[in-house]
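Here is how the chains run, residue by residue.
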Amino acid sequence: MKAIRRFTVRPVLPAPLGPLNELARNLRWSWHAGTRDLFRDVDPDLWADSGHDPVRLLGAVPSARLAALAADDTFLRRLGEAAADLRAYVTGERWYQERQHAPDAELPRAIAYFSPEFGVTAALPQYSGGLGILAGDHLKAASDLGVPLVGVGLLYRHGYFRQSLTRDGWQQEHYPVLDPNELPLTLLREADGTPTQVRLALPRGRALAAHVWQAQVGRVPLLLLDSDVEENDPGAREVTDRLYGGGSEHRLLQEMLLGIGGVRAVRTYCRLTGHAEPEVFHTNEGHAGFLGLERIHERVREGLDFDAALESVRGGTVFTTHTPVPAGIDRFDRELVAHHFGPDAELPDLDVEFVLRLGMETYPGGEPNLFNMAVMGLRLGRCANGVSTLHGKVSREMFQGLWPGFDPEEVPITSVTNGVHAPTWVAPEVFALGARQIGAERTDRALSVGGSDRWDAVADIQDGDIWLLRRELRAQLVYEVRRRLHLSWRQRGAATAELGWIDEVLDPDVLTVGFARRVPSYKRLTLMLRDRDRLMDLLTHPERPVQIVVAGKAHPADDGGKRLIQDLVRFTDDPRVRHRIVFLPDYGMAMAQKLYAGCDVWLNNPLRPLEACGTSGMKAALNGCLNLSVLDGWWDEWFEPDFGWAIPTADGAATDDHRRDDLEAAALYDLLERRVTARFYEHGPGGLPDRWIEMVRRTLTRLGPRVLAGRMVREYVERLYVPAARAHRVLAPDAATALAAWKSRVRAAWPGVAVDHVEASAAGATAELGTTLALRVRVQLGDLTPDDVEVQAVAGRVDPEDHITDAVPVPLKPTSGPERDGEAHGQPVRYVYEGPLGLDRTGPFGYTVRVLPAHRLLADGAELGLVAVPSEATGEDAGVLMR
Ligand SMILES: *Cc1c(COP(=O)(O)O)cnc(C)c1O
């Protein structure tokens, strides 16, 4: 029978157990083992049944058990300690507060962090993959460091789908209904108790209302907007139905609710709670980019003009791009966007043309009719970054068109390499080993705040202890794999009687390789199947076998991805190998935690350079798992032979993808056959794989401290949030108005700027190291003056095409006032600039000169995308190249 109405009956806890509620509602339990142990001991069976979810657990415990606990002094003492620990955690001084005492700290009072998904815990399934989990890790690390962040996202009624398989290995999607009342969430209410509402105006007089739910992630509040409210028409109610579902219009509405509604939710939250207003808004990927428009709208309503409002808002905006894969970037038809903005829709005080101008791909190589959320992110963010060193470089090339006239190296997109939240991803057994060595408190700080000195302690752990730990984690994974495989086969329609073989699946003493991730084609789930015979030989090798655990979800609309899964599943179903290779459905955080810790080798074989960073390999490394990966994302940056193996890439060399896959797969098999298995099974005199253990130890001591989310968040604070907060403060209305007026004057006058003549004192075909050239440059500035520009010599090594590489700009100085001699004859005014140029390196060397806009409030010389360089003729004239 189907219920016609559903509601949640909340448990009433006996008064002494009251703090359990507090502990259940702060998601810190998800990375605090002591709190989880306490919940487990409330009722171990129900704890397992609840999927380790305290809110569900408390909803299910029988009153008799609660009464018994309320009279159990030992339990009450532990409860009191846990509650006191949480209170100390959320109120105490942490890294940020210590930094705040420094005289020149200039730290932002608060930062709003927007993301389309957040993976905090399996108990709040609001993520699809890496982007969301990174956002969850960002919040948790910010909480550990005391960074005053407010998270903003959407509450999806179905979250992301749950995956199962048909008998035939085809992916099936299920969308469980999530009832917010059964989740660790609290509805944000006005002072009078009514639920807070955020409203958006839609075209044709429709409206989109949303409630705001608050999750508490340690010290960090996370606000989630939910459009499933009664006031909404059916279409509007479904805006937050599921993550990454629906067509263009649905996506646009989700992103408008996230960006525009999100800012309104933050304002409401600050008004209701007295929380400091954010000075910095960080948009995690382009999807939340409309947050900038809403803030511009706020300023325009306060009386600022458009361009001034833009300058002011840009100051406090940080944009992080997360993917070089075009399908990962949302682009909308111009008309669709135009339709949703303006007098009869949202942001009525903003000119629609202005809105469009921010996102249109109006640059060489762009699609002039598309509105691109990443492009808007870059135009609205004064600070922008990619998520690994390599991805920073790839992004600068990818978006170079927005800064015409500048080399890719000069494109103002930096990078902060991702990290992972160690207290979430390090297995309790690994933590316990650390605690034995240096104590729980220091281990905790090593994992959350970082600091390599603390990690050095790993060096003293005995080989035997490391190996015992690795075996224990592997054995737990084997058990977990069998359990999940059994469930999967039951779902695939098998009877228990047919499933005896599952008890023999995987072996706790065999080298275990893991591969789990979403299944877009660039991640190449099935590369390992390229030569099935070779794979089969690896799996069934009599002395040195390999066993492989695979998991991953394909996007529901991606039949290509589902076919890859099916290919793999069919291979794993083969009775000759099914004890050595498995596919586990429904990859998610809960599975991931077991998987990363239990594997010996974490495999990643994306098409370089499409993996922006990748984080699963970092989580594996923190548990002493070695990486075997293509040199892409973070591995390109930090790979060392001590930490694992690099799969050679054939990017550039091979012409077609097939051949590239062949080459890279062959390299992968070679590595596994000759290097990886050899090292794992090679035992020293003491009977242990000494060299393997040494790699595990080095991975922990040297890689461990780098891959931490604590390190990442500290970098965001120091390199992006602080400059953004400073710009936000400086760009108060008057300064923003002045900057906007100056920019518009410079843009209008730029066609009149030119380099007329360049001469160098010691020009010639060769020059000696240590010589200094005296440069003399004549420029026209049109209606501008030397105060508006910088004239630079740019010098460096030249390549065979005369392109200057690793260029270093040197500012030149104006000699005197303008040369007015030509003025009477109607010729433009000229200025002469001079400066020395030292020849400080041997070999092919070259220089050029250029004029850039300059203003003390610009973030970067390339900001306006304006530059004047010598014409061909001027260059020849000046003998610009010397060899
Ligand atoms: C870490 C993680 C990811 C992201 O892993 P990548 O290496 O970036 O692909 C995806 N899903 C889950 C469940 C994770 O924990």
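Please read all numbers here as calculations on a predicted model, not as lab measurements.

1. Here's the deal with the overall build of the chain
Of regular secondary structure, the chain possesses 31 helices and 30 strands. A globule of 883 residues ought to have a C-alpha radius of gyration of about 29 Å, and the chain, at 30 Å, matches this closely. Of all 883 residues assigned to the chain, the portion counted as buried reaches 57%. Counted over contacts in the chain with a minimum sequence separation of 6, partners at least 24 positions apart contribute 72%. Entry remark: accessible area of the chain is about 35,500 Å², with carbon and sulfur atoms responsible for 50%. Taking the average location of the 100 positive side-chain charges in the chain and that of its 123 negative ones, the two points are 4 Å from each other.

2. So, the site of the ligand
Close contacts around the ligand come from 15 residues, with K523, Y596, T615, S616 and K619 the closest. Residue K523 places a side-chain N or O atom 2.9 Å away from an oxygen atom belonging to the ligand. Contact distances for the ligand include 3.0 Å between an oxygen atom and a side-chain N or O atom of Y596. Burial of the ligand by the surrounding chains reaches 95%, relative to a free accessible area of 380 Å². Going through the elements one at a time, α8 (130-145), α24 (589-598) and α25 (616-621) are the ones with two or more residues in the shell around the ligand. Here the shell around the ligand is built from residues that sort into six nonpolar, six polar and three charged. Composition of the shell around the ligand by domain shows at least three residues from each of domain 2 (95-419 + 721-730) and domain 3 (452-703).

3. Considering the UniProt feature "modified residue: N6-(pyridoxal phosphate)lysine" (unreviewed entry) in the chain
Listed under "modified residue: N6-(pyridoxal phosphate)lysine" (unreviewed entry) in the UniProt record, and renumbered for this structure, are K619. Position of K619 among the secondary structure elements: in helix α25. For K619, a relative accessible area of 3% translates into the label buried. Filtering out sequence-adjacent residues up to four positions away, K619 remains in contact with I133, V420, W425 and Y596.

4. Looking at unusual backbone geometry
Omega for the peptide link from R608 to P609 comes to 0°, which places this bond in the cis form. Note that P609 resides in the loop between β20 (601-604) and α25. For L506, which is not a glycine, the phi torsion comes out positive at approximately 60°.

5. A closer look at the sheet that holds β20
Across the sheet, which stays open at both edges, the six strands sit in the order β19-β18-β17-β20-β21-β22 with parallel pairing between neighbours. The sheet is open, and its two borders are formed by β19 (581-584) and β22 (644-647), each paired with just one other strand. For this sheet, the mean angle separating the axes of adjacent strands, direction not counted, is 20°. Pairing of strand β18 (residues 546-551) with β19 involves four bridges; the strand directions are parallel. Considered in β19, the bridge of A551 is made with L584. Where helix α28 (residues 690-703) meets the sheet, its contacts fall on β17 (511-516), β20, β21 (626-630) and β22, and the angle it forms with β21 comes to roughly 80°.

6. Side note on the nonpolar core
Among the nonpolar cores identified, the biggest contains 170 residues, and L20, V147, L628, W692 and Y721 are the most heavily contacted of them. Looking at this core, the element that brings in the most residues is helix α29 (residues 709-730), giving ten residues. Filtering out sequence-adjacent residues up to four positions away, L628 remains in contact with V601, W602, L603, N604, W645, I647, L668, L671, L672 and V676. Among the nonpolar cores identified, the runner-up in size contains 64 residues, and L243, F290, A338 and L358 belong to it.

7. Here's the deal with the side chain of Q214
Structurally, Q214 is set in strand β9 (residues 207-217). Only 2.8 Å separates the side chain of Q214 from the side chain of Q216, close enough to count as a polar contact. Not counting the four nearest positions on each side in its chain, Q214 is found in contact with P184, L185, T186, L188, P221, L222, L223 and Y269.

8. Remarks on the layout of surface pockets
Roughly 1,200 Å³ of volume is contained in the second largest pocket. The wall of the second largest pocket is formed by 41 residues, among which R314, R379, K743, R747 and E863 lie closest to the centre. Of all elements in the fold, only α12 (306-315), α14 (352-359), α15 (373-380), β15 (383-386), α29 and α30 (733-749) reach the threshold of two or more residues within the lining of the second largest pocket. In terms of residues, the lining of the second largest pocket owes the most to one element, α29, which gives six residues. Here the lining of the second largest pocket is built from residues that sort into 22 nonpolar, six polar and 13 charged.

9. Comments concerning the domain arrangement of the chain
If you check the domain split of the chain, you get domain 1 (15-27 + 48-91), domain 2 (95-419 + 721-730), domain 3 (452-703) and domain 4 (749-882). Taking only C-alpha atoms into account, the centre of domain 3 sits 54 Å from that of domain 4.

10. Let's talk about the sheet that holds strand β27 (residues 813-814)
The four strands lie next to each other as β23-β24-β28-β27, forming an open sheet whose pairing is antiparallel. The open sheet has two edge strands with one neighbour each: β23 (753-760) and β27. Sheet topology places β23 next to strand β24 (residues 772-781); seven bridges connect them, and they run antiparallel. Its bridge partner being in β24, A760 is matched across the sheet by L775.

11. Concerning the packing of α8 against α29
For the pair α8 and α29, interaxial distance at closest approach is 8 Å and the crossing angle is 80°. Classed by the angle they form, the pair α8 and α29 counts as roughly perpendicular. Together, L134, D137, H138, A141, A142 and L145 of α8 and A709, G710, M712, V713, R714, Y716 and Y721 of α29 make up the contact between the two elements. Looking at side-chain class alone, the contact of α8 with α29 contains nine nonpolar, two polar and two charged residues.

12. Regarding α30
Helix length check: α30, at 17 residues, gives a terminal C-alpha distance of 24 Å against a target of 24 Å (1.5 Å per residue), a fit within 8%. Looking at the packing, one finds that the buried side of α30 touches α12, α29, β23 and β29 (845-853).

13. Thoughts on the pairing of β20
Neither face of β20 is open: one carries V601 and L603, the other W602 and N604, and all of them are buried. Looking at chain direction, β17 and β20 are connected through two bridges and run parallel. Bridge pairing in β20 links G514 to W602. As paired elements, β20 and β21 share four bridges and run parallel to each other. Counted as the bridge partner of L603 is L628 from β21. For the segment spanning β20, α25 and β21, crossover handedness is right-handed.

14. Some words on the pattern of salt bridges
Scanning the entire structure with this criterion turns up 69 salt bridges. A salt bridge links D662 to R530, with the nearest nitrogen and oxygen atoms 2.8 Å apart. You can see D662 sitting in helix α27 (residues 657-681) and its partner R530 sitting in the loop between β17 and α22 (532-539), a full 132 residues away along the chain. Under the relative-accessibility criterion, R530 is labelled partly exposed at 33%. Taken together, the shared-partner salt bridges in this structure form one network comprising D463, E640, D642, E694, R697, R698, R702 and R706.

About the cut-offs
Residues numbered from 1 in each chain as written. Predicted model: local features only at pLDDT ≥ 70, side-chain atom pairs only at ≥ 80, totals over all residues. Heavy atoms only, no water. Helix = DSSP H or I, 4+ residues; strand = E, 2+ residues; numbered from the N terminus. Rg over C-alpha atoms; globule rule 2.2 N^0.38 Å. Buried < 20%, exposed > 50% of the residue type's maximum accessible area, 1.4 Å probe, protein only. Contact = heavy atoms within 4.5 Å. Areas by Shrake-Rupley, 256 points an atom, 1.4 Å probe, with all protein chains shown as cover. Lys, Arg positive; Asp, Glu negative; His and termini not counted. Charge placed at Lys NZ, Arg CZ, Asp CG, Glu CD. Near = heavy atom within 4 Å. Polar contact = N/O pair within 3.5 Å; in protein donor to acceptor, adjacent residues only side chain to side chain. Nonpolar A, V, L, I, M, F, W, Y, C, P; charged D, E, K, R; others polar. Domains from an automatic or database assignment. UniProt positions renumbered as here; feature names shortened; annotations may be inferred. Pairing = 2+ DSSP bridges. Axes fitted to C-alpha atoms, helices over the stretch in contact; angles between N-to-C directions. Core = buried A, V, L, I, M, F, W, Y, C linked by side-chain atoms within 4.5 Å. 1 Å grid on protein atoms, 1.4 Å probe; cavity = no way out; pocket = protein on both sides within 12 Å on 5 of 7 lines; lining within 4 Å. Points joined across faces, edges and corners; volume = space filled by probe spheres on them. Parallel < 35°, antiparallel > 145°, perpendicular 65-115°, else oblique. Expected span 1.5 Å × (residues − 1). Right-handed = clockwise from strand over helix to strand, strands pointing away. Salt bridge = Lys/Arg side-chain N within 4 Å of Asp/Glu carboxyl O.

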